[in-house]
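Chain by chain, the residues:
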Amino acid sequence: MEEGKKVVSMEEANRENRTGINKYACGCAAVASMISIIFGYDTGVMSGAMIFIKEDLKVNDTQISILAGILNVCALVGSLAAGRTSDVLGRRYTIVLASIMFLVGSVLMGYAPNYPILLIGRCIAGVGVGYALMIAPVYSAEISSPKSRGFITSLPELGISTGILTGYLANYFMAALPLKLGWRLMLGIAAVPSLGLAIGILKMPESPRWLVMRGRLGEANRILLKVSNGKEEAQIRFRDIKLAAGINEDCNEDSVKPPTSTGSGGVWKELLLRPTPAVRWMLLATIGIHFFEHATGIEAVMLFSPRILKKAGVASKDKLLLGTIGVGLTKLTFMASSTLLIDRVGRRPLLLTSTAGMIAALTGLGIGLTIVENAKEKSLWALGLCFVSTYTFVAFFNIGVAPVTWVYPAEIFPLKLRAQGASIGVAVNRGTNAAISISFIPIYKAITIGGSFFMFAGISMAAWFFFYFLLPETKGKPLEEMEDLFTRSRGSRSN
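Residues numbered from 1 in each chain as written. Predicted model: local features only at pLDDT ≥ 70, side-chain atom pairs only at ≥ 80, totals over all residues. Heavy atoms only, no water.

**As for the overall build of the chain**
When you go through the chain residue by residue, the secondary structure sums to 23 helices and zero strands. Out of the 495 residues belonging to the chain, those deemed buried represent 58%. Restricting the contact set of the chain to residue pairs at least 6 apart, pairs at least 24 apart contribute 83%. (Helix = DSSP H or I, 4+ residues; strand = E, 2+ residues; numbered from the N terminus. Buried < 20%, exposed > 50% of the residue type's maximum accessible area, 1.4 Å probe, protein only. Contact = heavy atoms within 4.5 Å.)

Written out as structure tokens, the structure is:
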């Protein structure tokens, strides 16, 4: 009987090794991704809540633009602080801190008797967003093995998509509530999962790489045995992490003093003032991919989709909100598909295919909106083109650019630079996001709404060339080998 059990367990282990996915590591990343679901919900629900906020609080377009964009301005601040915070407190407690910020922000927004209180709540939640967007991918990347890292690290982005769709559904079903209650409940209900996550994350393990960086080798080894596919893989990962942290690979003590400095001054110096050629390239790749994720117009489509659909000819609030649910469902479907493809196909093919499709879709949306805006009579084919182009853009964006933007920077930096390197990327991401959120309405009023999407198509073309020439393939490579990859000449770039 014992032999039978051993055979079964061996078969299960072999099957898990073939897939490269450790269930425990996947579960940990899924729990950490709840912070991304909360952020996604806040983004999705705000797109519809703004319709009711404008009506209830009697605010103008400028105030609505500030409300939309201030979250990302504050997230920029949060993301810059998150790198150092996660190096000091650990990845796990940084997620707890982000959850508490979401909790406080959600309560204030749900209470908000006036615009200033609403704005304060949005700002506090924004700082939490900065922390969440940095820490969730880093934590997921650090507990996963090379074979499944793309899948596991893309779970936070899948969480954002799930949250956005949930927010759109909340808009639709809560729209029937009294005006003063509806939008406040939409925003305030996010406090419940925030509290649950703050408590639940304490049951999860700390990142083994962070533990090694702090000299806590015994704890790191025990966690690696849980998140690896077998003892042999755990030993290989443990050895590589120790070497990357500057610790002798043969060291078997439970606790040591790491020879490398973990002070923030030295890290920032190595990142910004005196980076090696490899680190400089990593930093350029990180800044570029985060900038182009939002400079290509996704925030304009997701946050202002009701306004875009209204410009395209959709009149009633119910139909506008149903249209946004379709956008959210498309986003979630293609994001889920990308998590299954990213470790099989690779980062570069997904990224380049995604960007090419975005260029075509944005051009179609620009044409459709221009015709609708200038037509004397309602043009059904132009309206159809707007709908198809919007959904096509969301689909292509989420099959490549969305997941790779968060997987790539979380996996390329050396261990001691990873948190702060990723935080710089998130700061650029939020800054670009804020700029698009705040400026989209003034831009489309200046150059027409169709013209604004032609502009995004042009930026997407620049993004394609940037990705092609500056982002080497990282699929299947251990985190500790990334510096070697970026040290090689660009002529040897993987295709």
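**Description of the pattern of salt bridges**
Applying the stated criterion across every chain, the model contains 15 salt bridges. Between R91 and E142 there is a salt bridge, with its nearest N and O atoms 3.0 Å apart. Of this pair, R91 sits in helix α5 (residues 91-111) while E142 is found in helix α6 (residues 115-143), placing the two residues 51 residues apart along the sequence. In this pair, the class of R91 matches that of E142, namely buried. E411 is the salt-bridge partner of R149, the closest N and O atoms lying 2.7 Å from each other. (Salt bridge = Lys/Arg side-chain N within 4 Å of Asp/Glu carboxyl O.)

**Overview of the state of the cysteines**
For the structure shown, the criterion picks out zero disulfides. A disulfide-free cysteine, C28 has its sulfur positioned 9.3 Å from the sulfur of C26, the nearest such atom. Free of any disulfide, C123 has its nearest neighbouring cysteine sulfur in C74, separated by 3.5 Å. (Disulfide = S-S within 2.5 Å.)

**Describing the packing of aromatic side chains**
Under the criterion given, the structure shown has 16 aromatic pairs. A ring pair is formed by F387 and Y391, whose centres lie 6.3 Å apart and whose planes are at 40°; its orientation type is tilted. A residue pair is termed a helical-turn pair when its members lie 3 or 4 positions apart in one helix, as F387 and Y391 do in helix α20 (residues 380-412) at four residues. A relative accessible area of 25% means that F387 is categorised as partly exposed. Among the aromatic residues, those joined into a cluster by ring pairs are F291, F292, F466 and F467. For K242, the ring lying beneath its charged end belongs to F238, and the centroid distance is 4.3 Å. The positively charged end of R348 is found above the aromatic ring belonging to Y468, 5.3 Å away from the centroid. (Phe/Tyr/Trp six-rings, centres within 6.5 Å; stacked < 30°, edge-to-face > 60°. Lys NZ or Arg CZ within 6 Å of the ring centre and 35° of its normal.)

**Focus: the nonpolar core**
Counting residues in each nonpolar core, the largest one holds 142 residues, and the members touching the most others are I53, L118, W183, L187, F453, F467 and L471. It is α6 that contributes the most residues to this core, 14 residues altogether. (Core = buried A, V, L, I, M, F, W, Y, C linked by side-chain atoms within 4.5 Å.)

**With respect to helix α10 (residues 191-200)**
Taken residue by residue, α10 has A191, S194, L197 and A198 as its buried positions. The buried residues of α10 occupy one face: seen down the axis, they fall within an arc of 125°. More than 90 degrees from the buried face of α10, the exposed residues found are V192 and I199. Check the buried side of α10 and you find it contacts α2 (23-32), α3 (34-57), α5 and α9 (179-188). (Arc of directions from axis to C-beta.)

**Focus: the side chain of S144**
As for its position among the elements, S144 is in the loop between α6 and α7 (149-153). Overall, the relative accessible area of 2% leaves S144 in the buried class. Here the side chain of S144 touches S140 through a polar contact of 3.0 Å, landing on its backbone oxygen. A polar contact of 3.1 Å, which involves the side chain of S144, links it to the backbone oxygen of A141. If we skip the residues at most four places from it in the chain, S144 touches R149, I152, T153, R209 and R237. (Polar contact = N/O pair within 3.5 Å; in protein donor to acceptor, adjacent residues only side chain to side chain.)

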